[in-house]
Amino acid sequence: DWLIGDIAEEMIAQLKDELKGENVICGLSGGVDSSVVAAILHKAIGERLHCIFVDNGLLRENEREGVEKTFCGHFSVNLRVVDWSEQFLSGLEGVTDPQKKRKIIGAEFIEAFKSEAEKIENAKFLAQGTLYPDVIESGSKDGNLAANIKLHHNVGGLPEELGFGLVEPLRDLFKDEVRLLGEYLGLPEDMVWRHPFPGPGLAVRIIGDITKEKLRIVRQADEILIDEIKAAGLYRKCSQTLAVLLPVKNVGVMGDDRSYESVIAIRSVDTSDFMTADFSRIPYDTLGIISNRIINEVRGVNRVVYDISSKPPATIEWE
Ligand code: XMP
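Rules of the game
Residues numbered from 1 in each chain as written. Predicted model: local features only at pLDDT ≥ 70, side-chain atom pairs only at ≥ 80, totals over all residues. Pairing = 2+ DSSP bridges. Helix = DSSP H or I, 4+ residues; strand = E, 2+ residues; numbered from the N terminus. Axes fitted to C-alpha atoms, helices over the stretch in contact; angles between N-to-C directions. Contact = placed C-beta atoms within 7 Å. Core = buried A, V, L, I, M, F, W, Y, C linked by C-beta atoms within 7 Å. Buried ≥ 20, exposed ≤ 12 C-beta atoms within 10 Å, placed from the backbone. Domains from an automatic or database assignment. Nonpolar A, V, L, I, M, F, W, Y, C, P; charged D, E, K, R; others polar. UniProt positions renumbered as here; feature names shortened; annotations may be inferred. Parallel < 35°, antiparallel > 145°, perpendicular 65-115°, else oblique. Left-handed = near helix turned anticlockwise from the far one by under 90°.

Next up on the list: the sheet that holds strand β3 (residues 78-83). An order of β3-β2-β1-β4-β5 is seen for the five strands of this open sheet, with the pairing classed as parallel. With one partner strand each, in any of the chains shown, β3 and β5 (165-167) form the two edges of the open sheet. Looking at each pair of strands side by side, their axes are set apart by 30° on average, direction ignored. Where strand β4 (residues 123-127) meets β5, three bridges bridge the pair, whose relative direction is parallel. By the bridge assignment, alanine 127 is partnered in β5 with valine 167. Sheet strands in contact with helix α3 (residues 63-74) are β1 (23-28), β2 (49-55) and β3, and its direction is about 165° off that of β3.

Before going further, it helps to spend a moment on the nonpolar core. Val24, Cys26, Ala38, Leu41 and Ala221 are the most contacted members of the largest nonpolar core, which has 70 residues in total. Among the elements that take part in this core, helix α2 (residues 32-45) stands out by supplying nine residues, more than any other. Both domains that meet at this core, namely domain 1 (2-192) and domain 2 (206-306), each give it at least three residues. In this structure, alanine 38 is in contact with Cys26, Leu28, Leu49, Cys51, Phe71 and Val77, ignoring residues within four places of it in sequence.

Moving on: the domain arrangement of the chain. Taken domain by domain, the chain holds domain 1 (2-192) and domain 2 (206-306). Residues of the side of domain 1 that touches domain 2, tallied by class, amount to three nonpolar, two polar and two charged.

What follows deals with the UniProt feature "binding site: ATP" (unreviewed entry) in the chain. In this structure's numbering, the residues bearing the UniProt feature "binding site: ATP" (unreviewed entry) are Ser29, Gly30, Gly31, Val32, Asp33, Ser34 and Ser35. Along the chain, serine 29 falls in the loop between β1 and α2. Judged by C-beta crowding, with 21 C-beta atoms within 10 Å, serine 29 ranks as buried. Secondary-structure assignment places serine 34 in helix α2. On the neighbour-count criterion, serine 34 (22 C-beta atoms within 10 Å) is buried. Beyond its immediate stretch of four places on either side in the chain, serine 34 contacts Cys26, Gly27, Leu28, Ser29 and Gly129.

Structurally, valine 167 can be placed in strand β5. Of the residues examined, valine 167 has 24 C-beta atoms within 10 Å and is grouped as buried. Spatially, the C-alpha atom of valine 167 lies 17 Å from that of isoleucine 136, the residues being 31 residues apart in sequence. Valine 167 has contacts with Val24, Phe125, Leu126 and Ala127, leaving out every residue within four places of it along the chain.

Now for the packing of helix α11 (residues 212-231) against helix α12 (residues 284-297). Here α11 crosses α12 at 150°, and the two axes come no closer than 10 Å. By the criterion of interaxial angle, the relationship of α11 to α12 is roughly antiparallel. Relative to α12, the crossing made by α11 is right-handed. Across from Gln220, Ala221, Ile224, Leu225 and Glu228 in α11, the residues of α12 making contact are Thr286, Ile289, Ile290, Arg293, Ile294 and Glu297.

Here you go:
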């Protein structure tokens, strides 16, 4: 720990020096990397850090509130929340193709981010949570093929488009070091150990077209799933856990009646690099609790299945 403390203090001193008098914009996603970037920059430049969080309407339960609480409450960071959810949802209306969803979300994100960034005066720098593995990946010529199978929209091209200089304080660090740094900086445990969540959010966890009703279903299922995985003490053991709403209805019984409702697929993987992954060996009893709770508590769901595929060939997300 003394080591990460030394590294952190050195990073803070360096950022202070490099960014003397400068205003910096940082896009917060709620994920580990951008949260750590914001926390360290806040230590270095205080109120000259301006964070932007885009609510795309595709977030998990309490995600936006969690970011607001941590960064406004705990750290008193300058934070602007852009609620662009109606624009995202109307852009996505009727869209079923996964890559098309990602393109639309990527484009809307740039619009939303830009609209807010333009209001911040005298900012010439944009901070990003690039990690060492990202640096190696984009340096190699064919990149990381498997990673490119799904179009990652993570603010690619944004700094150039807006004419910003880049600040990437985490570019020498691996993920586990970033988590240690986050802990050192006092970020809540919840945030530091969070599973990755894709930029396109719940949009790629609803197979087929997206509606508010489907978002409600997948959001509630996700919340129950994560609650129970945490309650079982499995959250840190699993690398990523998620719920997917399938585009099929199935028959069930409800009292004396026949029901015809949706299926939720649970996916949880163990992996060290997200390039290959094995399904998590969640105990049957835990799976049983998750299934019962989702079926009882989430209106519109009458069946839960567990995805036991490994990657490859199955990817972690279903879209
Ligand atoms: P796959 O599904 O390709 O996912 O096995 C590997 C990791 O990448 C995440 N993922 C994304 N992250 N934008 C992101 O920011 C995306 O479009 C995207 N697609 C997948 C996925 O959650 C997993 O952690």
